[in-house]
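# Observations on chain architecture
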Amino acid sequence: MKKARLAIIGPGKLGRACAEAITASPDCVLAGVVQHAAGAPAAWARAPVVSHISELGAVDAALVCVPADSVLDVATVLLQHRIPLVECARLHGD
């Protein structure tokens with residue numbers, strides 16, 4: 001069975017947690033991490049770290065781990081490139 005190649009958009013705490021879950025899964029592989037060029041490097045990533053998802057080649061889906069006010073912009077770019085996405089919102093409160 002082919003492993004799903006997943007990308008992480010956003011190298012923060014949520015992105016790191018998603019990357020750990022992907023690497024622990026026998027059905028998935030971390031294709032890479034996409035971060036804003038001005039951000040601190042994702043030193044924890046054991047995959048390529050790039051500034052645009054197109055640099056990763058073919059991915060099966062992207063996990064969007066960015067602040068809520070940036071999700072729409074990121075999702076628009078991913079959908080324009082026909083990349084399925086999962087919005088990984090961080091919920092606060094009860």
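Residues numbered from 1 in each chain as written. Predicted model: local features only at pLDDT ≥ 70, side-chain atom pairs only at ≥ 80, totals over all residues. Heavy atoms only, no water.

## A short note on the layout of surface pockets
As a reminder, the rule being used: The rule is simple: put a 1 Å grid over the protein atoms alone, call a set of points where a 1.4 Å probe fits but cannot get out a cavity, call an open set with protein on both sides within 12 Å along at least five of seven lines a pocket, and count a residue as lining if it has an atom within 4 Å of a point. Grid points are joined across faces, edges and corners, and a volume is the space filled by probe spheres set on the points. Only DSSP runs of H or I with at least four residues qualify as helices, and only runs of E with at least two residues qualify as strands; both kinds are numbered from the N terminus onward. Residues are grouped as follows: Ala, Val, Leu, Ile, Met, Phe, Trp, Tyr, Cys and Pro are nonpolar; Asp, Glu, Lys and Arg are charged; every other residue, Gly included, is polar.
Taken as a whole, the largest pocket spans an internal volume of roughly 330 Å³. Forming the boundary of the largest pocket are 16 residues, of which I9, V34, H36, S51 and V74 lie nearest the centre. If you tally residues by element for the lining of the largest pocket, the top one is helix α2 (residues 71-80), at four residues. In terms of residue class, the lining of the largest pocket is made up of nine nonpolar, six polar and one charged.

## Topic: the nonpolar core
Counted only if it meets this: The definition of a nonpolar core used throughout is a set of buried Ala, Val, Leu, Ile, Met, Phe, Trp, Tyr and Cys residues joined through side-chain atoms within 4.5 Å. The buried label goes to any residue with under 20% of its type's maximum accessible area, the exposed label to any with over 50%, and the partly exposed label to all in between, with areas taken from a 1.4 Å probe on protein chains only. The contact criterion used is simple: two residues touch if any of their non-hydrogen atoms lie within 4.5 Å.
The biggest cluster of nonpolar side chains holds 15 residues, and the ones touching the most others in it are I9, I53, L56, V59, A62 and L78. Those elements giving two or more residues to this core turn out to be β1 (4-9), β2 (28-34), β4 (61-64) and α2. Every residue in contact with I53, bar those within four places of it in the chain, is listed here: A7, I9, V34, V59, A62, L78 and I83. If you look at the next biggest cluster of nonpolar residues, it comprises 14 residues, including L6, A19, I22 and A61.

## Digging into the sheet that holds β2
Filter applied, for reference: Strands are labelled as partners when DSSP assigns at least two bridges between them.
Pairing within the open sheet is parallel, and its five strands lie in the order β3-β2-β1-β4-β5. Every other strand in the sheet has two partners, leaving β3 (49-50) and β5 (85-87) as the edge strands with one partner each. Alignment of β2 against β3, held across two bridges, turns out to be parallel. When the sheet's bridge partners are listed, V34 is paired in β3 with V50.

## Things to note about unusual backbone geometry
The backbone phi angle of R82 is positive, close to 60 degrees, even though this residue is not glycine. Turning to its location among the elements, R82 is positioned in the loop between α2 and β5. Overall, R82 belongs to the exposed group, its relative accessible area being 76%.

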